[in-house]
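The primary structure of each chain is shown beneath.
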Amino acid sequence: MTNHSETTGPSESGDFTGAAAAPGRSVHDTQITLRTPAELADALPYLLGYRPEDSMVLVALHDRGGRGRFGGRARLGIPANPDDWESAARQLAQGLTTGGERRGTRPEQMVAYVCQEPTPGESGRDVMRRLASLAQLLRTECGRLDVPVIEAICVSDGRFWSYCCPTEECCPPDGTPMGLPGTSVLAAAATYAGIQVRGTLRELRARLLPWETGAAPDQEIALDRAGMALVPRILDDTFRAHVAEETLALAERIIGRYAAAPPESGIHQEDRRDDDLLTHEEAATLILGLQDRTTRDRAAAWMEGDEAGPALRLWRALARRCVGPYGEHAAAPLTLAGWVAWSAGDDLEAREALAMALGADPDYLFARLLHQACNEGLDPEAIRRCLRTERTGRAGANRTSADSATAEGTSAEGTSAEGATAEGATADSATADGAAMDSPTAVGDTGGRTDPRSGRTPPAASGPRRRRGPRTGGGVDGRRPHPEGTRPRQTGGEHTRPGSSKPSGGTRARAGESRDARGGRAAREGTRSGNGRGEGDE
């Protein structure tokens with residue numbers, strides 16, 4: 001049990017997830033001592049950078065001169081089925097412990113939190129009782145790893161309970177009210193250090209979800225039209241480089257438009273302003289153009305300085321425009337949003353955006369590798385350095401060969417397909433300097449290749465692959481083009497998406513996924529083991 005009169009740890013604000021120091025001041029200058037369950041409960045949003053909902057959280061403690069110090073944090077959503085609680089608790093405990101061991105800072109103690117709001121007809125005390133077995137599983141799994149949990153807290157309905165304290169005077173059965181946000185000593189110190197606590201993860205995800213408004217049908221029509229106009233050009237080697245240049249030029253103009261827009265107060269007002277500055281046709285053109293992997297990788301270079309903020313706003317806005325059957329197309333803008341956020345030091349939004357990209361397309365390799373690297377706490381500077389080098393090289397080539405822009409665009413794409421540029425080598429192939437990724441999995445001659453633009457790894461085929469004969473007709477996949485403004489009809493279960501052996505089920509094909517099926521080059525990208533989709537906030 002926890003002796004609440006003892007110090008459970010001074011919190012160094014530099015340890016806060018997503019913390020940023022105020023200008024001219026080191027975040028390590030401020031230390032706050034937390035002694036009671038109330039102070040630990042109040043500290044959770046500052047440790048994570050947001051207010052958790054439906055979450056199980058472990059916070060590592062390290063000993064420093066006989067006093068605890070906060071270390072890494074890990075979070076998972078609470079599974080809806082209690083039968084899954086044991087495996088989730090084991091995953092959370094092992095992930096935080098082994099992650100600390102890799103960095104040479106194995107946790108010595110843990111603080112566990114379970115956070116969930118009551119369902120209709122349920123009280124906070126009912127939630128506390130229902131989650132008691134989950135809190136016990138967290139304590140048991142940490143104990144198996146020889147890392148004791150010194151405090152376990154439930155937060156629900158504006159109150160908190162300690163599972164470790166039996167004293168009713170200290171921890172009453174009906175719980176203790178949480179302090180008003182921003183009124184504690186820790187809140188004051190965090191504000192002074194420049195640390196911001198956001199709302200909930202639900203509010204963060206809402207900025208990246210597709211529209212469900214009356215404007216969604218108009219956006220879907222614009223996507224249909226852009227698809228019929230752009231997909232055949234992207235699939236044609238003669239025009240693909242032109243489409244890439246047009247897409248990037250349009251994105252650059254809109255980033256400039258966003259940068260010049262007057263500021264708004266509040267994230268909802270900001271998103272509405274950005275949506276108003278982007279037409280349906282512009283959004284559709286960008287979404288379709290970014291399905292080409294090389295175009296997407298070149299867009300990733302808008303990652304720092306004055307470009308990063310407006311670029312992040314544009315990728316968010318494009319993710320919101322992937323409506324209806326175009327949900328899978330959101331993988332590209334979501335991955336770009338996650339990359340820019342990670343590059344800018346916002347690990348929280350980066351993890352959520354990359355997880356949503358994997359939700360839209362579980363096979364999206366760029367998102368998978370970035371998500372894994374972000375969760376492992378790697379430094380994005382290696383990728384930034386390679387993207388800067390590639391961007392500088394393209395600028396130099398343009399200055400010396402201004403009259404051959406088309407040839408330059410084709411050459412840049414070819415280098416990416418060979419994995420020698422920043423787009424292929426660092427983004428979709430491997431993080432620069434090896435960055436603690438797992439070893440590459442063995443690939444065969446037919447099953448280990450990855451499509452050079454989509455980042456997909458098609459399933460292995462048995463026997464030699466046959467090259468398809470030339471298609472006839474002017475439409476995608478050899479079909480006749482449909483009249484302007486109409487939607488191509490999907491043909492039951494026999495139609496498959498280009499570059500995939502699975503039926504599409506009525507989902508539109510992404511342009512960048514069809515090159516391999518048409519006999520084009522397939523880049524050999526190094527893949528990594530692991531699904532890269534853990535939700536640890538370590």
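Definitions and cut-offs
- Residues numbered from 1 in each chain as written.
- Predicted model: local features only at pLDDT ≥ 70, side-chain atom pairs only at ≥ 80, totals over all residues.
- Heavy atoms only, no water.
- Helix = DSSP H or I, 4+ residues; strand = E, 2+ residues; numbered from the N terminus.
- Buried < 20%, exposed > 50% of the residue type's maximum accessible area, 1.4 Å probe, protein only.
- Contact = heavy atoms within 4.5 Å.
- Phe/Tyr/Trp six-rings, centres within 6.5 Å; stacked < 30°, edge-to-face > 60°.
- Axes fitted to C-alpha atoms, helices over the stretch in contact; angles between N-to-C directions.
- Parallel < 35°, antiparallel > 145°, perpendicular 65-115°, else oblique.
- Left-handed = near helix turned anticlockwise from the far one by under 90°.
- Nonpolar A, V, L, I, M, F, W, Y, C, P; charged D, E, K, R; others polar.
- Core = buried A, V, L, I, M, F, W, Y, C linked by side-chain atoms within 4.5 Å.
- pLDDT = per-residue confidence, 0-100.
- Pairing = 2+ DSSP bridges.
- Polar contact = N/O pair within 3.5 Å; in protein donor to acceptor, adjacent residues only side chain to side chain.

(A) Layout of the overall build of the chain. Secondary structure assignment for the chain yields 18 helices and eight strands. Buried residues in the chain amount to 50% of all 538 residues. Counted over contacts in the chain with a minimum sequence separation of 6, partners at least 24 positions apart contribute 72%.

(B) Examining the packing of aromatic side chains more closely. Evaluation of the coordinates by the stated rule reveals two aromatic pairs. An angle of 75 degrees between the planes, with centres 5.9 Å apart, marks the rings of Trp339 and Trp342 as edge-to-face. Taken together, the residues Trp339 and Trp342, both in helix α13 (residues 331-343) and three residues apart, mark about one turn of the helix. Judged on exposure class, the residue Trp339 and its partner Trp342 are both buried.

(C) Region of interest: the environment of Arg90. Topologically, Arg90 is positioned in helix α2 (residues 85-102). On the basis of relative accessibility, which here comes to 30%, the residue Arg90 falls in the partly exposed class. Residues Arg90 and Leu137, 47 residues apart in the sequence, show an inter-C-alpha distance of 8.1 Å.

(D) Region of interest: the packing of helix α8 (residues 237-260) against helix α10 (residues 280-289). Close contact between α8 and α10 brings their axes to 10 Å; oriented N to C, the two are set at 130 degrees. Relative to α10, α8 is oriented oblique. The two elements α8 and α10 meet at a crossing, and its hand is left-handed. Residues Thr247, Leu250, Ala251, Ile254 and Arg257 of α8 pack against Glu282, Thr285, Leu286 and Gly289 of α10. Looking at the contact of α8 with α10 residue by residue, the class counts come to four nonpolar, three polar and two charged.

(E) Local environment of unusual backbone geometry. The backbone phi angle of Asp54 is positive, close to 45 degrees, even though this residue is not glycine. Considering the arrangement of structural elements, one finds Asp54 in the loop between α1 (37-48) and β3 (55-64). The exposure class assigned to Asp54 is partly exposed, which follows from its relative accessible area of 33%. Positive phi, normally seen in glycine, also occurs at Asp157, with a value near 55 degrees.

(F) Representation of the environment of Pro148 in the model. Here Pro148 lies in the loop between α4 (132-144) and β6 (149-156). Setting aside its immediate chain neighbours within four residues, Pro148 contacts Glu108, Gln109 and Met110.

(G) Examining the nonpolar core more closely. Formed by 64 residues in total, the largest nonpolar core has its most connected members in Leu278, Trp302, Leu314, Trp315, Leu318, Trp339 and Trp342. Looking at this core, the elements that each hand over two or more residues are α7 (216-235), α8, α10, α12 (308-320), α13, α14 (347-360), α15 (365-375) and α16 (381-400). Considering each element in turn, this core owes the most residues, nine residues, to α13. Among all residues touching Trp315, those that are not within four sequence positions of it are Leu290, Ala299, Trp302, Pro333, Leu336, Ala337 and Val340. Counting residues in hydrophobic clusters, the runner-up holds 29 residues, among them Trp85, Val127, Met128 and Leu131.

(H) Spotlight on the packing of α13 against α15. At their nearest, the axes of α13 and α15 sit 10 Å apart, and the two run at 30 degrees to each other. By the angle between their directions, the pair α13 and α15 is classed as roughly parallel. Helix-helix and strand crossings are classified by hand; for α13 and α15 the assignment is left-handed. Two secondary-structure elements touch here, α13 through Thr335, Trp339 and Trp342 and α15 through Phe366, Ala367, Leu370, Ala373 and Cys374. Considered class by class, the residues forming the contact of α13 with α15 number seven nonpolar, one polar and no charged.

(I) Main features of the confidence of the model for the chain. With 65% of its residues at a pLDDT of at least 70, the chain reaches an overall mean of 73. When mean pLDDT is compared element by element in the chain, α10 scores highest at 97, while strand β1 (residues 9-12) scores lowest at 31. Here residues 1-29 is a poorly scored stretch, pLDDT under 50, and it has 82 contacts once near neighbours within four places are set aside; other chains count. Within the model, the stretch residues 405-538 combines pLDDT values under 50 with 278 contacts to residues more than four positions away or in other chains.

(J) Inspection of the pairing of strand β7 (residues 159-162) at higher detail. Here β6 pairs with β7 via four bridges, running antiparallel. Looking at the pairing, Val155 lines up with Phe160 of β7. Adjacent in sequence and paired antiparallel, β6 and β7 are bridged by two residues, among which Asp157 carries a positive phi angle near 55 degrees. Pairing between β7 and strand β8 (residues 176-177): two bridges, direction antiparallel. Residue pairing for β8: Phe160 is matched across the bridge by Thr176.

(K) Examining the side chain of Arg207 more closely. One can find Arg207 in the loop between α6 (201-206) and α7. The class for Arg207 is buried, based on a relative accessible area of 10%. Looking at Arg207, its side chain comes within polar contact range of the side chain of Asp271, at 2.9 Å. Setting aside residues no more than four positions away along its own chain, Arg207 makes contact with Ile267, Glu270, Asp271, Arg316 and Arg320.

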